[in-house]
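The lines below spell out each chain.
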Amino acid sequence: MNLKYPSSTIFILNVVLVIHAFAYSVESRPAFACDPANAGTRNLPFCKTSLPIHVRVQDLIQRLTLQEKIRLLVNNAAPVERLGVNGYEWWSEALHGVSSTGPGVKFGGAFPSATSFPQVITTAASFNASLWEQIGQVVSDEGRAMYNGGAAGLTFWSPNVNILRDPRWGRCQETPGEDPHLVAQYAISYVKGLQGGGGRGTSRLKVAACCKHYTAYDLDDWNGFDRYHFNAKVSRQDLEDTYNVPFKACVVEGNVASVMCSYNQINGKPSCADPTLLRDTIRAQWRLNGYIVSDCDSVGVLFEQQHYTRFPEDAAAATIKAGLDLDCGPFLAIHTEKAVRTGKVSEMEVNYALANTITVQMRLGMFDGPNGPYANLGPRDVCTPAHQQLALQAAREGIVLLKNVGRALPLSPQRHRTVAVIGPNSDATVTMIGNYAGVPCGYISPLQGIARYARTVHQRGCMGVACPGNQQFGVAEVAVRHADATVLVMGLDQTIEAEARDRVSLLLPGYQQELISKVAMASRGPVVLVLMSGGPIDVTFAKNDPRVLAILWVGYPGQAGGAAIADVLFGAANPGGKLPMTWYPQDYVAKVAMTNMDMRADPARGYPGRTYRFYKGPVVFPFGAGFSYTRFSQSIVSAPAIVSVPTLIHSLDGNSTRKKLAVRTTHTNCDSLNLNLHINVKNTGDMDGTHTLLIFSTPPPANATKQLVSFEKVHVPAGAQHRVNININACKHLTVADQFGIRRIFMGEHKIHVGEDDINHSITFHASLEQIKV
């Protein structure tokens, strides 16, 4: 069964779109530059679309005065009226829909709303790369439409691809999870969706995406430490195999148009003033074709709060020389001219920065006049029925079934005619969209969604998610005694976890746990716990409570979240999501300071490590957890057993044994090391379902850990079988970073693990010794 929005809703929506389209006809944006009506500029070389972009960029830059150049180095770039160039606000956001965060987007008039998809952590749980790209395509359609109507920019500072390192981080909700491969694939897919697949060179962009916050940024405000002063002490090994993985993928494979540097310092240097991180890595090694922008006011922060330089013009010079092209904030507009006049930075270096930003604007078509391939997009292309249906699909796919004793779910509309809906998030609307959101097309709360299937009795039980008292528990207990089933919608919201608001506890806030236990005891029917949150929650008590028969985690499920929750509860949708992060017990945070950036465990000092790759202690729910209403089996049909690694140079370990030989990825031909695995997935249950196939590997070093190397989403009807082809590249997926950050392929036996069945297959690597120079 595939529930869609009712026809009455679509009719009303279409009427509204017609009205907005009429308003749009008189509100469209004038050309940013090169307006054909401007006789004084239309024939200048930078306006000629027949010329290569780099020629046009250089022509424009050489026409600017130093003062004009400097006013273009900041997010609210000033107009250059004598050249017919309008002012531009670079700061727009589109984390999971066009967002009202940042001054570049303004809702109202012809654009009162935009499709609000589930928060990133929720769509990440779908493990569905094609879905992520689809969402990006829809968001960029709506972003372009709003730009055409003067309501948004074309440079969207999204996605957030930081690793979810610590469960207390208030911005867990914005990230695709804790695994570098998962986050990298999300980054590539979403960026391609946003940008229209634009690659390197002078290819055109639909909108310009931005991967942030580079790098090792995942602490906002915890126990006296804040992001403006924090110095992240990170090993080369952890930078290479964890923190930088998504950013490299974003640039190299996603061809993103921008990278944002972060507030924090990395090993004593501010990210936005570190030439090794910016100029040498992003620009030279990864070959960014785009611009580097600061997090907002971070150039001011490194001078005023981190005291990195003595004088403000030194800070301006340091960032530009390091490779920063654009300042979100006023600092460069105020202090760069003095830095140039005193010789601390050259005008040529300012020109380089402008070349990067203006090139992106030209790739967006902003210097092509009013026409272009996306000029026809308008209000009718925002909040369309198809876009809203995709938001519902995304919410369904991101829901994770964590417990289902005795197949308590799905509920039956025939047997469960009256459902008690309890909890502070039971009628949530704004809570469902998380942070960095816009104005949704509309909301369907959990209560409203459940009411489509059954008669409801409703009690919040708590005054908000903080749940400071138990005064309302009695009426909640009375309500559940008269219902055929109970659904508790609990969890967190932005008052508990948000940007600049890290958590101190992994437990449910206030008296929520007591409410769950008392309601479960009073209920006469099955009890289902639904959790809204971005970060993990320790709900061990509910996991172990025999009266709580089922647990669903729904993240922050977006505008259609309530409909998706109800569809899963009543079996109209079969859950197929998997946790993109480890859920730790509360005592984990007592052992781990949030300031410790080490990923690997150190038993000698009692440090347990982080994420499923390195933490081996007890968990509430593991990374990749998630059940279905049906059953799947997996089997490996074919896979290589022996792989020869052509090698130019090698070094042996102390034992000088061939089995322990490790080959640098730079010393082999990585293109020849693509491995194909064929895996059968069979639905052995009685319900159609979508299976998340997870492929892990464990390399041969004694201290190596299991890591995700591939995943695939596959829909399999009941009783059917589907064959999946998995491609793994040895250099990209089967390597280990050493203490110097050098990636190596270890010779010997690599274990391939398939899904929760933990089906193993061994692939033995050996070096082609005849090609080795000793």
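Keep in mind it's a predicted model, so treat the numbers as computed, not measured. (Residues numbered from 1 in each chain as written. Predicted model: local features only at pLDDT ≥ 70, side-chain atom pairs only at ≥ 80, totals over all residues. Heavy atoms only, no water.)

1. Topic: the overall build of the protein
Stated formally: Numbering of helices and strands starts at the N terminus; helices are DSSP runs of H or I of at least 4 residues and strands are runs of E of at least 2. The reference for a compact globule is 2.2 Å times residues^0.38; the radius of gyration itself is calculated from the C-alpha atoms. Buried means the residue's accessible area, taken with a 1.4 Å probe over protein chains only, is under 20% of the maximum for its type, while exposed means over 50%, and partly exposed covers the values in between. The criterion used for residue contact is that any of the two residues' heavy atoms lie within 4.5 Å. Only the protein chains shown count as cover for residues, and the accessible areas themselves come from Shrake-Rupley with a 1.4 Å probe.
Helix and strand counts for the protein come out as 22 helices and 27 strands. What you see for the protein is a C-alpha radius of gyration of 27 Å, in line with the 28 Å of a compact globule of 774 residues. A principal-axis box enclosing the C-alpha atoms of the protein has dimensions of 75 × 75 × 50 Å. Burial statistics for the protein: of 774 residues in total, 62% are counted as buried. In the protein, 78% of the contacts between residues at least 6 apart in sequence involve partners at least 24 apart. As displayed, the protein has an accessible area near 27,800 Å², and 52% of this comes from carbon and sulfur atoms.

2. Some thoughts on the nonpolar core
Side chains of nonpolar character tend, in soluble globular proteins, to be buried together. Here is the rule: In this text, buried Ala, Val, Leu, Ile, Met, Phe, Trp, Tyr and Cys residues form a nonpolar core when linked through side-chain atoms within 4.5 Å.
In this structure, Trp-157, Phe-367, Val-539, Trp-553 and Trp-583 are the most contacted members of the largest nonpolar core, which totals 212 residues. Per-element tally for this core: the top contributor is helix H5 (residues 129-148), with 8 residues. Val-643, Val-645, Ile-679 and Leu-693 belong to the second-largest nonpolar core, a separate cluster that totals 28 residues.

3. A closer look at the side chain of Gln-237
Relative to the helices and strands, Gln-237 resides in helix H7 (residues 236-243). Taking the relative accessible area as the measure of exposure, Gln-237 reaches 18% and is therefore buried. Not counting chain neighbours up to four residues away, the residues in contact with Gln-237 comprise Arg-600, Ala-737, Asp-738, Gln-739 and Gly-741.

4. Digging into the environment of Gln-137
In this fold, Gln-137 is placed in helix H5. Separated by 52 residues in the primary sequence, Gln-137 and Ser-189 place their C-alpha atoms 9.9 Å from one another. Sequence-distant contacts of Gln-137, defined by excluding residues within four places in its chain, comprise Gly-193, Leu-194 and Lys-206.

5. So, the pattern of salt bridges
Test applied: Whenever a carboxyl oxygen of Asp or Glu lies within 4 Å of a side-chain nitrogen of Lys or Arg, that contact is scored as a salt bridge.
As enumerated under the stated definition, the model contains 33 salt bridges in all. A salt bridge links Arg-171 to Glu-499; the shortest N-O distance between them is 3.2 Å. Taken as a pair, Arg-171 in the loop between H5 and helix H6 (180-195) and Glu-499 in the loop between strand E14 (485-491) and helix H17 (512-522) lie far apart in primary sequence, 328 residues in all. Among the residues examined, Glu-499 registers a relative accessible area of 26% and is labelled partly exposed. For Arg-547, the salt bridge identified is with Asp-545, shortest N-O distance 3.0 Å. Overlapping salt bridges, with partners in common, bring together Arg-171, Glu-174, Asp-220, Arg-227 and Glu-499 in one network.

6. Observations regarding the state of the cysteines
Keep this limit in mind: In this description, the term disulfide denotes a pair of cysteine sulfurs within 2.5 Å.
This structure, assessed with the given rule, holds 7 disulfides. Between the sulfur atoms of Cys-261 and its disulfide partner Cys-272 the distance amounts to 2.1 Å. Across the S-S bond linking Cys-261 and Cys-272, the dihedral sits near 110°, which makes this disulfide right-handed. A residue pair is termed long-range when its members are at least 10 positions apart, and Cys-261 in strand E7 (residues 258-261) and Cys-272 in the loop between strand E9 (269-270) and helix H9 (276-285) qualify at 11 residues. For the pair shown, Cys-261 and Cys-272 are each scored as buried. Here Cys-210 is not cross-linked by a disulfide; its sulfur's nearest cysteine counterpart is in Cys-211, at 6.9 Å. The exposure class of Cys-210 is buried, given its relative accessible area of 0%.

7. Here we look at the packing of helix H14 (residues 385-398) against helix H19 (residues 561-569)
Packed helices, taken two at a time, are described by their axes: the angle between them and the distance between them. Condition: Only C-alpha atoms enter the line fits that serve as axes; for helices the fit covers just the stretch in contact. Angles between N-to-C directions range over 0 to 180 degrees. Any angle that is under 35 degrees is reported as roughly parallel, and any over 145 degrees as roughly antiparallel; angles of 65 to 115 degrees are reported as roughly perpendicular and all others as oblique. Whether a crossing is left-handed or right-handed is set by the direction in which the near helix is turned from the far one by less than a right angle, anticlockwise for left-handed and clockwise for right-handed.
Across the interface, H14 lies against H19 with an axial gap of 8 Å and an inter-helix angle of 50°. As judged from the angle between their axes, H14 and H19 are oblique. Handedness of the crossing formed by H14 with H19: right-handed. Contacts between H14 and H19 involve Leu-392, Ala-395 and Arg-396 from the former and Gly-561, Ala-563, Ala-564 and Asp-567 from the latter.

8. Some remarks on the domain arrangement of the protein
For clarity, the threshold we go by: Here the bounds of each domain stem from an automatic or database domain assignment. In this description, buried area is defined as the sum, over both parts, of the accessible area (probe of 1.4 Å) that is lost when the two are combined.
Split into domains, the protein comes out as domain 1 (45-73 + 207-373), domain 2 (388-605) and domain 3 (632-769). Taking the mean C-alpha position of each, domain 1 and domain 3 sit 37 Å from one another. Every contact between the two is made by 6 residues of domain 1 and, on the other side, 7 residues of domain 3. Carbon and sulfur atoms make up 43% of the surface buried where domain 1 meets domain 3, a total of about 570 Å² over both sides. Of all residues in domain 1, Arg-236, Gln-237 and Glu-240 give up the largest surface area on contact with domain 3, accounting jointly for 72% of the area buried on that side.

9. Details of the sheet that holds strand E20 (residues 674-683)
Keep this limit in mind: Here a strand pair is declared whenever DSSP counts at least two bridges between the two strands.
With antiparallel pairing, the 3 strands of this open sheet are ordered in space as E17-E20-E23. In this open sheet, the two strands that pair with only one neighbour each are strand E17 (632-638) and strand E23 (721-729). Taken pair by pair, the neighbouring strands of this sheet meet at an average axis angle of 30°, ignoring direction. Pairing analysis gives 6 bridges linking E17 to E20, with the strands arranged antiparallel. Each bridged residue has a counterpart across the sheet, and for Gln-634 the counterpart in E20 is Val-681.

10. Quick word on helix H16 (residues 473-481)
The cut-off we apply is this: What the arc covers is the set of directions going from the helix axis to the C-beta atoms.
Listed in full, the buried residues belonging to H16 are Phe-473, Ala-476, Glu-477, Ala-479 and Val-480. An end-on view of H16 places all buried positions within 160° of arc, on one side of the element. Structurally, H16 contributes buried residues whose contacts are with strand E12 (418-422), strand E13 (455-459), E14 and H17.

11. Comments concerning the packing of aromatic side chains
Which entries qualify depends on this criterion: Pairing of aromatic rings covers Phe, Tyr and Trp, the last counted by its six-membered ring, and requires centre-to-centre distances within 6.5 Å; plane angles under 30 degrees mean stacked, over 60 mean edge-to-face, and any other angle means tilted.
Counted by the stated rule, this structure contains 25 aromatic pairs. Arranged with centres 5.4 Å apart and planes meeting at 85°, the rings of Phe-32 and Phe-367 form a pair that is edge-to-face. Taken together, the residues Phe-32 in the loop between helix H1 (7-24) and helix H2 (53-63) and Phe-367 in the loop between helix H13 (347-363) and H14 connect sequence positions 335 residues apart. The class of Phe-32 is buried, set by a relative accessible area of 7%.

12. Notes on the sheet that holds strand E15 (residues 527-532)
One open sheet accounts for 6 strands, arranged E11-E16-E15-E14-E12-E13; its pairing is mixed. The strands lining the two open edges of the sheet, one partner per strand, are strand E11 (400-404) and E13. Here the strands of the sheet are splayed against their neighbours by 20° on average, with no regard to which way each runs. Here E15 runs beside strand E16 (residues 548-555); their pairing, made up of 6 bridges, is parallel. Bridging from a neighbouring strand, Met-532 pairs with Gly-555 of E16.

13. Digging into unusual backbone geometry
Residue His-213 is reached from Lys-212 by a cis peptide bond, and omega for that bond is 0°. Its place among the elements puts His-213 in strand E3 (residues 211-214). Cis geometry marks the peptide bond from Tyr-214 to Thr-215; its omega dihedral reads 5°. In this fold, Thr-215 is placed in the loop between E3 and strand E4 (221-222). Look at Asn-223: it is not a glycine, yet its phi comes out positive at around 50°. Within the secondary structure layout, Asn-223 lies in the loop between E4 and strand E5 (225-226).

14. Some points on the pairing of E14
Within a regular beta strand, the side chains point alternately toward one face of the sheet and then the other, so they alternate between its two faces. Note the following rule: When the strands point away from the viewer, a crossover counts as right-handed if the route from the first strand across the helix to the second turns clockwise.
Within E14, 7 of the 7 residues are buried, which leaves it mostly tucked inside the rest of the structure. In E14, alternate side chains face the same way, and those of Ala-485, Val-487, Val-489 and Gly-491 on one face and Thr-486, Leu-488 and Met-490 on the other are all buried. Relative to E14, E12 runs parallel, the two being bridged by 4 bridges. Residue pairing across strands places Val-419 opposite Ala-485, the latter belonging to E14. Sheet topology note: the E14/E15 ladder contains 6 bridges and is parallel. By the bridge assignment for E15, Leu-488 is matched with Leu-529. On the question of chirality, the crossover connecting E14 to the parallel E15 by way of H17 is right-handed.

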